[in-house]
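# Residue-level structure breakdown
Each chain, written out:
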Amino acid sequence: MKIKQMNVKSIDEIREEMLETVTCSKSDIFRISEQCREDYENITNELTSIQQMMVKLMDEGDQLEILVSDARQKLSEVSKNFKLYTEEEIRDAYEKAHQLQMDLSINWQYKKQLLEKRDELERRLIGIHSTIDRAEQLISQISVVMNYLQSDLKQFGEAFENAKAREDFGLKIIEAQEEERRRLSREIHDGPAQMLANVIVRSDLVERVFREKGPEEGFSEINSFKKMVRAALYEVRRIIYDLRPMALDDLGLVPTLRKYLKTIEEYHNQSEIVFINSGLECRLPAKYEVALFRLIQESVQNALKHANACQIKVQLEIANTGITVLIKDNGVGFDPSHKKPESFGLIGMRERVELLDGDITIDSRIGKGTEVFITVPLKN
């Protein structure tokens, strides 16, 4: 399935729904666990009471067995010497022996019931303890799932969205290449090509002016002719700078930036561009110089074209361990959280910085201008 056919928003919605369901399940399991703990404590207290009652019944049973034994001996003696006792004494002996036997039987019956209840409660305790252990395991497993949903799956969604953006960016690069070719074709046709055509016409005109109006008028036409040639040369140099300034290969990043920004300031005569180099002025590997030049070029062009900035500050610092760049303007600013579907300039800048293992931070507020801060480590 192609990335563009998949809906990143739906993935986030599914993740949020799953997270809500898992959170509710975790709460339910936690409540069950707490109820089991409460039942466990109540049953434990009940078992303690049963143990105390069992001790009491066993003591009473022992005493009853002694009394029953004595009563039986008395009853046996009465039975053997029947004539020596009165009818009332005989009846008391029988009734006492019978009552003690009944009490002993009831005692045993209570003990039996308590033993059965104790066994039942102990079985329930084992089951409840097993439920508590299982609930704790489930809560632990759910916590892992929640962490996955909250972090890993979210990172997947972000990575998926970045992958989609990169695919769109790749298509946009192809479109941009064609658009750039058309732009260059128009600029060369409307600029240097027209000027060179005018140069040919003006050269013929200079020759005719010399012949018809004399040297004074001819020299005046030559001066006008020279201005036209300079303008054509300026346009050609500007186009070359936009493509790739040759000074970057010959002189390095700092001198090229200084010259490029000065040229742009002159071209946009209503904007002030300040360049500050506060670090080393040394040559860097070609990939660093090209990438940093393009990053600064893109930032400055954005400030001029989109932000309508009249003041732009470019600060570069090259140290032994890394490079920092700050591009600050006083333009209209924008909301960085709002991504325009047709805007791929920032994506391209981030791509360039990532290729250098660097970081880029864009801080902008509407009406407060924009700051682009770039840090790139230098590998020894």
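Residues numbered from 1 in each chain as written. Predicted model: local features only at pLDDT ≥ 70, side-chain atom pairs only at ≥ 80, totals over all residues. Heavy atoms only, no water.

## A look at the overall build of the protein chain
Secondary structure assignment for the protein chain yields seven helices and five strands. Starting at the N terminus, the α and β elements of the protein chain follow one another as α-α-α-α-α-β-α-β-β-α-β-β. Burial statistics for the protein chain: of 380 residues in total, 31% are counted as buried. Put simply, 71% of the contacts in the protein chain that link residues at least 6 apart link residues at least 24 apart. (Helix = DSSP H or I, 4+ residues; strand = E, 2+ residues; numbered from the N terminus. Buried < 20%, exposed > 50% of the residue type's maximum accessible area, 1.4 Å probe, protein only. Contact = heavy atoms within 4.5 Å.)

## Structural notes on the side chain of Ser271
Residue placement: Ser271 occurs in the loop between helix 5 (253-267) and strand 1 (272-277). With a relative accessible area of 12%, Ser271 lands in the buried category. From its side chain, Ser271 meets the backbone oxygen of Ala309 in a polar contact 3.1 Å long. Among residues more than four places away in sequence, those in contact with Ser271 are Glu265, Leu304, Ala309 and Cys310. (Polar contact = N/O pair within 3.5 Å; in protein donor to acceptor, adjacent residues only side chain to side chain.)

## Some details on the environment of Glu60
Position of Glu60 among the secondary structure elements: in helix 1 (residues 8-80). A relative accessible area of 34% means that Glu60 is categorised as partly exposed. Measuring from C-alpha to C-alpha, the distance between Glu60 and Asn107 comes to 7.6 Å, with 47 residues separating the pair along the chain.

## Concerning the nonpolar core
Core analysis: the biggest nonpolar cluster contains 36 residues, and Val300, Ile312, Leu316, Ile323 and Ile374 have the highest contact counts within it. Of all the secondary-structure elements, those providing two or more residues to this core are helix 5, strand 1, helix 6 (286-305), strand 2 (311-318), strand 3 (322-329), helix 7 (345-355), strand 4 (359-365) and strand 5 (369-377). For this core, the element with the highest residue contribution is helix 6, accounting for nine residues. (Core = buried A, V, L, I, M, F, W, Y, C linked by side-chain atoms within 4.5 Å.)

## What to know about the packing of helix 5 against helix 6
Describing two packed helices takes the angle between their axes plus the distance from one axis to the other. Where helix 5 contacts helix 6, the axes come no closer than 11 Å and their chain directions differ by 20°. What the angle tells us is that helix 5 and helix 6 run roughly parallel. At the point where helix 5 passes helix 6, the crossing takes the right-handed sense. Each of Leu253, Thr256, Leu257, Tyr260, Leu261 and Ile264 in helix 5 lies in contact with helix 6, whose residues at this interface are Glu289, Leu292, Phe293, Ile296, Gln297, Val300, Gln301 and Leu304. Of the residues belonging to the contact of helix 5 with helix 6, the class tally is 10 nonpolar, three polar and one charged. (Axes fitted to C-alpha atoms, helices over the stretch in contact; angles between N-to-C directions. Parallel < 35°, antiparallel > 145°, perpendicular 65-115°, else oblique. Left-handed = near helix turned anticlockwise from the far one by under 90°. Nonpolar A, V, L, I, M, F, W, Y, C, P; charged D, E, K, R; others polar.)

## Points about the pairing of strand 2
Burial along strand 2 is one-sided: Ile312, Val314, Leu316 and Ile318 are buried, and none of Gln311, Lys313, Gln315 and Glu317, which face the opposite way, are. In this sheet, strand 2 lies alongside strand 1 in parallel orientation, the contact comprising six bridges. Each residue of the ladder has a partner; that of Glu272, found in strand 2, is Gln311. Relative to strand 3, strand 2 runs antiparallel, the two being bridged by seven bridges. Across the sheet, residue Val314 finds its bridge partner in strand 3, namely Ile327. Connecting the antiparallel pair strand 2 and strand 3 is a turn made up of three residues. (Pairing = 2+ DSSP bridges.)

## Some words on the sheet that holds strand 3
Pairing is mixed in the open sheet, where five strands are placed in the order 1-2-3-5-4. Two strands bound the open sheet, and with one partner strand each, they are strand 1 and strand 4. The mean inter-strand angle of the sheet, taken between neighbouring strand axes irrespective of direction, is 10°. In the packing of helix 5 onto the sheet, the strands contacted are strand 1 and strand 2, and the crossing angle to strand 1 comes to about 170°. The sheet strands contacting helix 6 are strand 1, strand 2, strand 3 and strand 5, and the helix crosses strand 3 at an angle near 10°.

## What to know about the pattern of salt bridges
Taken as a whole and judged by the stated rule, the model has seven salt bridges. Close ionic contact of Arg118 with Asp119 constitutes a salt bridge, the shortest N to O distance being 3.7 Å. When its relative accessible area of 23% is taken as the criterion, Arg118 is described as partly exposed. The class of Asp119 is partly exposed, set by a relative accessible area of 31%. Among the salt bridges present, the one from Arg283 reaches Glu289, with a minimum N-O distance of 3.0 Å. (Salt bridge = Lys/Arg side-chain N within 4 Å of Asp/Glu carboxyl O.)

## Looking at helix 6
An ideal rise of 1.5 Å per residue puts 28 Å on 20 residues; helix 6 measures up with 28 Å between its terminal C-alpha atoms. Summarising burial for helix 6: 14 of the 20 residues are buried, a large majority. (Expected span 1.5 Å × (residues − 1).)

## Observations concerning unusual backbone geometry
One non-glycine residue, Asn308, lies in the positive phi region at around 55°. Mapping Asn308 onto the fold places it in the loop between helix 6 and strand 2. The phi dihedral of Asp357 falls on the positive side, at around 60°, and the residue is not glycine. Since its relative accessible area comes to 46%, Asp357 is described here as partly exposed.

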